[in-house]
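A structural walkthrough
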Amino acid sequence: MSRVVIVGAGVIGLMCAYELRRNGFEVTVLDRSVPGSGCSSGNMGWIVPSFARPLPAPGLVRQSIRRMFDRSSPLHIAPRADLSLARWLWRFWRHCNSRDYHAGLEALVHLAVPAMTILDRLRREGVEFEMHESGVLFLFLSRAARDEVQQDLEFMGREVGVTPQPLESHEVRELEPRVHAEVAGGILVGQERHVRPESLVAGLLRRLQDMAVEIRAGVSVTGARYDTGPAAADMRNVRAGTRSAVALVTSDGEVGGDLFLIAAGAWSGALSAALGVPLPIQGGKGYSITIDRPTWRPARALYLDEARVALSPFEGQLRVGGTMEF
């Protein structure tokens, strides 16, 4: 039986562990902190196949430059001498064109199609988590912005089997009376869902324990050992070349395996580069606020398009998130 070692115990790492284990692999999951304590502890939990759009988009370069000088902007890039960030931004901006954008949409379709089926299967197989099936309401300050997003949602919707419904201003307020009169229109995608990510992490951890998956918290990966050459004592000296890894070197000793999967979130780029298999990943920082016992909660998840702000109502709480900082 093949043994897989996964680095990262967030939602993605744990989901990979679950699928691999149910398909017969032995699985060990390593995390440098508490499982689920990174992005998985504060994201919005949206399961929105129709909204799976590439971040590089036509016109984004012009918008981004303008927003960099606005302190209230949803995008912030801290000026600094960082060659890796500069290279990543250059590659990112080169893909902000119609051809690459639509190629990205096509690729994301294949990832998005099975999303709802997988969630339903998780529940049937005993993974307990909080899930809401009330849809997502997109809000816009201009009809032009609404019509542009409608096109993308319709493209993805045809592929994943959902129907985005354009709404006029008065129709939006019939659904959410607290919406301000300045909102010019909206789009309702009633088939979309959102989950409480912390509950999904907790449910997966309980189920993985029952399935005899080893979860090791507080373990940092510091290098790798390959089938030729000595164990790497320092991550800076690791170069994979054509060799095959046989173990990860960690703060808690070596962890052997046949396959190794990096799912370390914002640290995946730096970790993969140090292990000799660089990935073009740049860590970004988002922000969210979770309000206990709010005096108001929307009936469904909301997205404020121009502000790039999302709201997720959970049981007894409301989470508000936005901003991307590099």
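Along each chain, residue indices are assigned from 1 in the same order as the chain's sequence is written. A pLDDT threshold of at least 70 governs which residues receive local features in this predicted model, and a stricter bar of 80 or more applies before side-chain atom pairs are shown or counted, although totals over entire chains, interfaces and linings include all residues. The side-chain numbers reported here are obtained from all heavy atoms of the structure, hydrogens and water having been left aside.

1. Considerations on the environment of Ala310
In plain terms, the rule: Counting from the N terminus, the helices are the DSSP runs of H or I reaching at least four residues and the strands are the DSSP runs of E reaching at least two.
Summarising the element assignment, Ala310 is placed in strand E17 (residues 309-314). Taking C-alpha positions, Ala310 is 9.1 Å from Ser288, a pair spaced 22 residues apart along the chain.

2. Observations concerning the sheet that holds strand E11 (residues 221-226)
Each strand in a sheet pairs with another by means of backbone hydrogen bonds, the pair being arranged parallel or else antiparallel. In plain terms, the rule: Strand pairing is assigned whenever DSSP identifies at least 2 bridges connecting the two strands. For every element, the axis is a line fit to its C-alpha atoms; helices are fit only across the contacting stretch, and the angle between N-to-C directions ranges from 0 to 180 degrees.
Spatial ordering of the open sheet is given by E11-E12-E13, a layout of three strands whose pairing is antiparallel. Single-partner strands in this sheet number two, and they are E11 and strand E13 (253-256). Recorded for the sheet is a direction-independent mean angle of 30 degrees between the axes of neighbouring strands.

3. Section: the packing of aromatic side chains
What counts here: Side-chain rings of Phe, Tyr and Trp, where Trp is taken by its six-membered ring, are said to pair if the distance between their centres is within 6.5 Å; with planes under 30 degrees apart they count as stacked, over 60 as edge-to-face, and otherwise as tilted. Note on classification: 1.4 Å probe, protein chains only; a residue is buried when its accessible area is under 20% of the maximum for its type, exposed when over 50%, partly exposed between these limits. A positively charged side chain is recorded as over a ring if its NZ (Lys) or CZ (Arg) lies within 6 Å of the ring centre. The angle to the ring normal must also be within 35 degrees.
Scanning the entire structure with this criterion turns up four aromatic pairs. A ring pair is formed by Phe138 and Tyr303, whose centres lie 5.9 Å apart and whose planes are at 70 degrees; its orientation type is edge-to-face. Residue Phe138 is found in strand E6 (residues 136-140), and its partner Tyr303 is found in strand E16 (residues 301-304); the two are separated by 165 residues along the sequence. For Phe138, a relative accessible area of 1% corresponds to the buried category. Feature note: the residues Trp46, Phe51, Phe138 and Tyr303 constitute an aromatic cluster, connected by ring pairs. Above the ring of Phe129, the side-chain terminus of Arg123 is found at 5.1 Å from the ring centroid.

4. Points about the packing of helix H1 (residues 11-22) against helix H8 (residues 197-210)
This is how it is decided: For this classification, under 35 degrees means roughly parallel, over 145 means roughly antiparallel, 65 to 115 means roughly perpendicular, and everything else is oblique. The hand of a helix crossing depends on one turn: near helix anticlockwise from the far one by less than a right angle means left-handed, and clockwise means right-handed. Should any heavy atoms of two residues lie within 4.5 Å, those residues are considered in contact. In this classification, the charged set is Asp, Glu, Lys and Arg, the nonpolar set is Ala, Val, Leu, Ile, Met, Phe, Trp, Tyr, Cys and Pro, and all remaining amino acids, among them Gly, are polar.
The N-to-C vectors of H1 and H8 enclose an angle of 30 degrees; their axes lie 10 Å apart at closest approach. Between H1 and H8, the interaxial angle falls into the category roughly parallel. Pair H1 / H8 crosses with left-handed handedness. Judged by residue contacts, Val11, Leu14, Met15, Ala17 and Tyr18 of H1 engage Pro197, Leu200, Val201, Leu204, Leu205, Arg207 and Leu208 from H8. Looking at the contact of H1 with H8 residue by residue, the class counts come to eleven nonpolar, no polar and one charged.

5. Notes on the pairing of strand E8 (residues 185-189)
Counting buried residues along E8, five of its five residues qualify, which places the element largely inside the surrounding structure. Neither face of E8 is exposed, since Gly185, Ile187 and Val189 on one face and Gly186 and Leu188 on the opposite face are all buried. Sheet topology places strand E7 (residues 165-168) next to E8; four bridges connect them, and they run antiparallel. Bridged to Gln165 within E8 is Leu188.

6. Quick word on H1
Operational definition: Multiply 1.5 Å by the residue count of a helix minus one, and that product is the helix's expected span.
Its twelve residues give H1 an end-to-end C-alpha distance of 16 Å, which sits within 8% of 16 Å, the value for a rise of 1.5 Å per residue. When we look at burial in H1, the residues that qualify are Val11, Gly13, Leu14, Met15, Ala17 and Tyr18. One or two positions beyond H1, positive phi appears at Gly24, with a value near 100 degrees.

7. Overview of the side chain of Thr250
So the rule is basically this: The term polar contact refers here to a pair of N or O atoms within 3.5 Å; inside protein, the definition further demands a hydrogen-donor-capable atom paired with an acceptor-capable atom, and it admits residues adjacent in sequence only when both atoms are side-chain atoms.
Relative to the elements of secondary structure, Thr250 occurs in strand E12 (residues 245-250). Thr250 sits in the buried class, given a relative accessible area of 8%. A polar atom in the side chain of Thr250 sits 2.5 Å from the backbone oxygen of Gly253. Setting aside residues up to four positions removed in sequence, Thr250 forms contacts with Leu30, Val219, Ser220, Val221, Thr222 and Val255.

8. Re the environment of Pro49
Among the structural elements, Pro49 can be located in the loop between strand E3 (46-47) and helix H2 (60-67). Distance from Pro49 to Met156, taken between C-alpha atoms, is 7.2 Å for residues 107 residues apart in sequence. With residues up to four places along the chain from it excluded, the contact list for Pro49 reads Ala112, Ala115, Met116, Met156, Val160 and Glu192.

9. Structural notes on the nonpolar core
Put simply, the rule reads: By nonpolar core we mean a set of buried residues, namely Ala, Val, Leu, Ile, Met, Phe, Trp, Tyr and Cys, connected to one another through side-chain atoms within 4.5 Å.
Of all hydrophobic cores here, the largest spans 26 residues; its most connected members are Val29, Leu122, Phe129, Leu200 and Leu204. The element contributing the most residues to this core is H1, with five residues. Of all hydrophobic cores here, the second largest spans 25 residues; its members include Trp46, Ala57, Ala145 and Ala310.

10. Regarding the side chain of Glu130
Note the following rule: Within this scheme the basic residues Lys and Arg register as positive and the acidic residues Asp and Glu register as negative, but His and the chain ends are omitted. The rule for a salt bridge is simple: a side-chain nitrogen of Lys or Arg has to be within 4 Å of a carboxyl oxygen of Asp or Glu.
Examined against the element boundaries, Glu130 turns out to sit in the loop between helix H5 (115-124) and strand E5 (131-132). At 4.9 Å, Arg196 is the nearest oppositely charged side chain to Glu130, a buried residue that forms no salt bridge. Separated by 2.7 Å, the side chains of Glu130 and His132 make a polar contact. When residues no more than four places from it in sequence are discounted, the contact partners of Glu130 are Arg123, His194, Val195, Arg196, Ser199, Phe314 and Glu315.

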